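Residues per chain are reported as follows:
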Amino acid sequence: MLERRNVFVKTFNELFPEHIHPPLSSLYCFIPIQAFGSSETNSVAFCEQVLREANVAMVPGAAFGTEAYLRCSFGDREEELKEALRALHGYLSKAS
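Residues numbered from 1 in each chain as written. Predicted model: local features only at pLDDT ≥ 70, side-chain atom pairs only at ≥ 80, totals over all residues. Heavy atoms only, no water.

1. Some thoughts on helix H3 (residues 78–95)
In plain terms, the rule: Each helix corresponds to a stretch of at least 4 residues labelled H or I by DSSP, and each strand to a stretch of at least 2 residues labelled E; elements are numbered beginning at the N terminus. Expected span of a helix: the number of residues minus one, times 1.5 Å. Exposed residues in this analysis have more than 50% of their type's maximum accessible area, buried residues have under 20%, and partly exposed residues fall in between, with area computed by a 1.4 Å probe over protein chains only. Note that the arc is computed from the directions linking the helix axis to the C-beta atoms. Residues count as neighbours in contact if any of their non-hydrogen atoms are within 4.5 Å of one another.
Taking 1.5 Å of rise per residue, the 18 residues of H3 would be expected to cover 26 Å, and the 26 Å separating its terminal C-alpha atoms lies within 8% of that figure. Inspection of H3 places Leu 81, Leu 85, Leu 88, Tyr 91 and Leu 92 among the buried residues, and these make up the whole buried set. On an axial view of H3, the arc spanned by its buried residues comes to 130 degrees, and they lie on one face. In this structure, the buried side of H3 is in contact with helix H1 (2–15), helix H2 (43–54) and strand E3 (69–73).

2. Thoughts on the packing of H2 against H3
Applied cut-off: Axis definition: a line fitted to C-alpha atoms, limited for helices to the stretch in contact. Angles are taken between N-to-C directions and run from 0 to 180 degrees. In what follows, roughly perpendicular refers to angles from 65 to 115 degrees, roughly parallel to angles under 35, roughly antiparallel to angles over 145, and oblique to any angle outside these ranges.
Two elements in contact, H2 and H3, have axes whose closest approach is 10 Å; the angle formed by their N-to-C orientations is 100 degrees. Considering the angle they form, H2 stands roughly perpendicular to H3. Residues Phe 46, Gln 49, Val 50, Glu 53 and Ala 54 of H2 pack against Ala 87, Leu 88, Tyr 91 and Leu 92 of H3.

3. Digging into the state of the cysteines
Inclusion rule: Defined by distance alone, a disulfide is two cysteine sulfur atoms within 2.5 Å.
Tallying each qualifying case throughout the model produces zero disulfides. For the unlinked cysteine Cys 29, the closest cysteine sulfur is that of Cys 72, found at 6.9 Å. Among the residues examined, Cys 29 registers a relative accessible area of 3% and is labelled buried. The thiol of Cys 47 is not disulfide-bonded; the next cysteine sulfur, from Cys 72, is found 7.7 Å away.

Structure, rendered in structure tokens:
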């Protein structure tokens, strides 16, 4: 699990403007939307749009009482994690 966490964080930090730190436990990172380079603050709208346009699923922070954040899982295979982050980055680069 640590390897997948490290792959997720390393890939995220290579692609997006704000760096994140590895979470100390669990299978998830709780990340502010702004770390993705977006000014969106509605986590539900952001997640719906990303799922529809980039085919990447994330959980809105609003589901946990923390708007403008997203929960991302790193429980999948390493290559799937990289592919999802690349797809998200590509979509957000075109959208801005």
